[in-house]
Amino acid sequence: MSARRASHAGSWYTDSGSDLSRQLDRWLSAADLSHGPARAIIAPHAGYAYCGACGAFAYRQVSPVVVKRIFILGPSHHVRLRGCALSVAKKYKTPLYDLKIDNEVNAELEKTGQFSWMDMKTDEDEHSIEMHLPYIAKVMEDFKDQFTIVPILVGSLNPDQEAQYGSLLAPYFMDPTNLFVISSDFCHWGQRFSYTYYDRSCGAIHKCIEQLDKQGMDIIETLSPSAFTEYLRKYNNTICGRHPIGVMLGAVKALQDQGFKNMSFKFLKYAQSSQCIDMEDSSVSYASGSLIFEN
């Protein structure tokens, strides 16, 4: 039984199951259920000290009673990947309990010929999927034996590929027992990220970053893939999960083209790791939101 270790536990988040459980409970109880039940969420993947509280606002929208399968789309930070890749693991370990991989869906996706397989080292080195596992384990804890996960590592896709993977995953979006977790942080600002866009008319740097992020968030809420692509082209905002977000927007567009118009995305929380005042500072932004299908 090949199990992926919780390789970032003990550094990016606590490896104590009881401490982690209490921490997640605290963050979740501070968030409101206001845009659910979520069919997809966008949530950050940084260390929990920075973004744990923000992530709770996305996970609070999940209805564990309904969900039977969770797709986790995370960007690839370490390996160059032209398409999307599936995990060879059979389960993913967390300090709370192990999560089972959905072999059946993996086989269906492999049959499309559009997915490669990431090896265990790539899987364990990558944090963009792992940082969601404790939250998933927590919100699903009353149903721990009744759901599976489908981790998908998303490479540097062009807009056509985002549309292609989106339409390929669209049938899974249609099923209300499926939840999609879209893993992304927002602006990585500062010289260490080689990104220092600053419009002085906004005032302080952190205000400019917030305005830039919120412009992108507003565009994501319109659910227009082309508008999001255009925004990224114009500002080059360092949204590391731009491709997983693009795939989600591609899936929504495919469903809209089939006549499903009742989808609504809303961001519920925005945060920054620190407030940049001068050009030597740096920060990462986080945003949590939820996609619902309205009746």
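All values reported here derive from a predicted model rather than from experimental measurement.

Peer 1: Got a sec to walk through the packing of aromatic side chains? Specific residues and values, please.
Peer 2: Applying the stated criterion to the full structure yields 13 aromatic pairs. Both rings, one in F71 and one in Y172, keep their centres 5.2 Å apart while their planes meet at 50 degrees; by these two values the pair is tilted. Here Y172 lies in helix α6 (residues 159–174) and F71 lies in strand β3 (residues 69–75), a separation of 101 residues in the sequence. Taken as a pair, F71 and Y172 share a single burial class, namely buried. The interplanar angle of 10 degrees and the centroid separation of 3.8 Å between the aromatic rings of F173 and F180 together place this pair among those described as stacked. No difference in accessibility class separates F173 from F180, as the two residues are buried. The structure contains a cluster of three or more aromatic residues connected by ring pairs, namely Y13, W27, Y48, Y59 and Y135. It is R4 that lies over the ring of Y92; its NZ or CZ is 5.4 Å from the centre. Above the ring of Y97, the side-chain terminus of K144 is found at 4.9 Å from the ring centroid.

Peer 1: Go over the sheet that holds strand β1 (residues 3–4), please, and point to the residues and values.
Peer 2: Strand order in this open sheet of 3 strands is β1-β5-β6, and the pairing throughout is mixed. The open sheet has two free edges, formed respectively by β1 and β6 (99–100), since each of these has just one partner strand.

Peer 1: Can you tell me about the environment of T94, naming the residues and giving the values?
Peer 2: Counting through the fold element by element, T94 comes out in the loop between β5 (91–92) and β6. When neighbours within four sequence positions are excluded, T94 is seen to be in contact with A6, L99, L133 and A137. At 3.0 Å, the side chain of T94 and the backbone nitrogen of L96 are in polar contact. Here Y97 takes part through its backbone oxygen, which lies 2.7 Å from a polar atom of the side chain of T94.

Peer 1: Could you give an account of helix α1 (residues 17–29), with specific residues and numbers?
Peer 2: The α-helix advances 3.6 residues per turn, and as a result positions three or four apart in sequence lie on the same side. Between the first and last C-alpha of α1 there are 18 Å, a value that for 13 residues agrees with the 18 Å anticipated at 1.5 Å per step. If you check which residues of α1 are buried, you get L20, S21, L24, W27 and L28. End-on view of α1: buried residues confined to an arc of 135 degrees, all on one side of the axis. Residues of α1 that are exposed and point over 90 degrees away from its buried face: R22, R26 and S29. Buried residues belonging to α1 abut α2 (48–59) and α5 (133–139).

Cut-offs applied
Residues numbered from 1 in each chain as written. Predicted model: local features only at pLDDT ≥ 70, side-chain atom pairs only at ≥ 80, totals over all residues. Heavy atoms only, no water. Phe/Tyr/Trp six-rings, centres within 6.5 Å; stacked < 30°, edge-to-face > 60°. Helix = DSSP H or I, 4+ residues; strand = E, 2+ residues; numbered from the N terminus. Buried < 20%, exposed > 50% of the residue type's maximum accessible area, 1.4 Å probe, protein only. Lys NZ or Arg CZ within 6 Å of the ring centre and 35° of its normal. Pairing = 2+ DSSP bridges. Contact = heavy atoms within 4.5 Å. Polar contact = N/O pair within 3.5 Å; in protein donor to acceptor, adjacent residues only side chain to side chain. Expected span 1.5 Å × (residues − 1). Arc of directions from axis to C-beta.

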